[in-house]
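Listed here are the chains, written in short residue letters.
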Amino acid sequence: MNNILNIGIFGYGTVGEGLAHVLKNSEGIKSQIKKVCVRTKNKERNGIPQSIITYNADDILKNKDIDLVAELIDDDNEAYRIVKQALINKKNVVSANKKMLAQHLQELIKLQKKHEVSLIYEASSCGSIPIIRNLEEYYDNDLIQSLSGIMNGSSNYILSKIFNENTEYSKALKDAQKLGFAETDPSSDVEGYDTLYKLIILTVHAFGVFIKSDEVFNTGISNLKAYDIKIAKQKGFKIRLIGQSTKLDDSKINLHVCPKFVDSKDQSYNVEDHYNGISINGKFYDNQFMYGKGAGAHPTGSAVLSDISALEYNYKYEYKKLNLNSNLEHSNNLRLHIYISFTNFDQIKNFNFIEINEQFKSSEHNYIIGKINLTELIKHKHIIEKEKLFIATI
Ligand code: HSE
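Residues numbered from 1 in each chain as written. Predicted model: local features only at pLDDT ≥ 70, side-chain atom pairs only at ≥ 80, totals over all residues. Heavy atoms only, no water.

1. Focus: unusual backbone geometry
Of note, the phi angle at Asn166 is positive, near 55°, even though the residue is not glycine. Following the sequence through the fold, Asn166 ends up in the loop between α6 (153–165) and α7 (169–178). Looking at Asn166, the relative accessible area reads 62%, which means it is exposed. (Helix = DSSP H or I, 4+ residues; strand = E, 2+ residues; numbered from the N terminus. Buried < 20%, exposed > 50% of the residue type's maximum accessible area, 1.4 Å probe, protein only.)

Here it is, written out as structure tokens:
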């Protein structure tokens, strides 16, 4: 490898520009941006000279001077094609595209091995928190029992603004977009898909299994109503959107994404704004918690920078867990304690609760707090979506 790492960047949106800025301010990194490939012509781009901009992917993918491809676009299909071709062309790749990785990681890991290059993606999950590198290096044993937490900065920002400043949901969402936290299609943030993709990636490193996104229950904060906030506040809770991956026994694992009512003893209670927080529970060390900025140009750009720096010494993920836990299967047979709100009882008449602990009925609002199996929620997911029911675990 050359003394200086020559980088080709795909995409110059929030993360690309953030990377250019942090790279400029990191004297220790022996890297330079050679080319930046973008889609939209005639757009002003700060922080890079016009001369390195190209609209032709081959100017990077086939460029012999470029050692490293940073894939920072938001179109997952295009990102997949770029990453695949870059690996085949023997270039190391840094990617931030969680949806693409969650869908294609298994194949891409094989490709990077075959072509003896490295694909790393710290920036894909939880912004600036070095969670993947820690799972790889420190938690490289089979002691982890569960991994859970706030993995989406936008929805956490929205929840903070609503709870702490009484901001309207739509205004908080618009602000999250303006600040560069939200995805181009923010439904991915607020409906829990972004969290789901990150959870799938982290599960590969924490437990050594590839779980398909359509096997995992996810619901987000888009159905949250002022009434739910009032109830949560009355009970001394805050609401957080949590992704959770739990080993149920030696052969079963469950992943789900759902808002959660958290009290002040919960570590995520004090995680506000666009911060993320991840709890790792292990057999002999109980609980450990990682906290940091989960979205935005500079936090995510810093994670990309850290990967670039790691590639200066040929860092590769080893995926040790893939061999350790290969017999783990996904199961949704899990009892959950939930809060569910609805406007009339007909909406939930087919939901089979194991027990009902609290029930509130009025002409406008109703809720139930009770225990239900996750398989029931999956069975009625179409109703949850159609009727816009808000669910939170407790
Ligand atoms: N939209 C994402 C979030 C960006 O809000 O967390 C960082 O992955």
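So much for the structure itself; the text now carries on.
2. Remarks on the packing of helix α1 (residues 14–24) against helix α11 (residues 297–312)
α11 packs onto α1 with a crossing angle of 65° between their chain directions and a minimal axis gap of 7 Å. Where α1 crosses over α11, the handedness of that crossing is right-handed. Together, Thr14, Val15, Gly18, Leu19, His21, Val22 and Leu23 of α1 and Ala297, His298, Thr300, Gly301, Ser302, Val304, Leu305 and Ile308 of α11 make up the contact between the two elements. Split by residue class, the contact of α1 with α11 holds 8 nonpolar, 7 polar and no charged. (Axes fitted to C-alpha atoms, helices over the stretch in contact; angles between N-to-C directions. Left-handed = near helix turned anticlockwise from the far one by under 90°. Contact = heavy atoms within 4.5 Å. Nonpolar A, V, L, I, M, F, W, Y, C, P; charged D, E, K, R; others polar.)

3. A short note on the site of the ligand
For the ligand, the full set of nearby residues is Lys98, Asn152, Gly153, Ser154, Phe181, Ala182, Glu183, Asp189, Asp194, Lys198, Gly294 and Ala295. A distance of 2.6 Å separates an oxygen atom of the ligand from a polar side-chain atom of Ser154. Note that a nitrogen atom of the ligand is positioned 2.7 Å from one of the backbone N or O atoms of Phe181. When the ligand sits alone it has 260 Å² of accessible area, and the protein chains cover 94% of it. Secondary-structure elements contributing two or more residues to the shell around the ligand are α6 and α9 (193–207). Of the residues in the shell around the ligand, the class split is 3 nonpolar, 4 polar and 5 charged. (Near = heavy atom within 4 Å. Polar contact = N/O pair within 3.5 Å; in protein donor to acceptor, adjacent residues only side chain to side chain. Areas by Shrake-Rupley, 256 points an atom, 1.4 Å probe, with all protein chains shown as cover.)

4. Observations regarding the pattern of salt bridges
Tallying each qualifying case throughout the model produces 22 salt bridges. Salt-bridge contacts for Arg81 lead to Glu78; the nearest nitrogen and oxygen are separated by 2.9 Å. With a gap of 3 residues between them, Arg81 and Glu78 both fall in helix α3 (residues 76–88), about one helical turn apart. Here Glu387 and Lys386 are joined by a salt bridge, their closest N and O atoms 3.5 Å apart. (Salt bridge = Lys/Arg side-chain N within 4 Å of Asp/Glu carboxyl O.)

5. Structural notes on the nonpolar core
One finds Leu19, Leu108, Tyr121, Ile131, Leu135, Leu147 and Ile308 to be the most contacted residues of the largest nonpolar core, which totals 109 residues. Here this core takes 9 residues from α9, the largest share from any one element. Other than its neighbours up to four places away in sequence, Leu108 contacts Tyr80, Val83, Lys84, Leu87, Met100, Leu101 and Leu119. Counting 18 residues, the second-largest nonpolar core is a separate cluster that includes Leu377, Ile383, Ile384 and Leu389. (Core = buried A, V, L, I, M, F, W, Y, C linked by side-chain atoms within 4.5 Å.)

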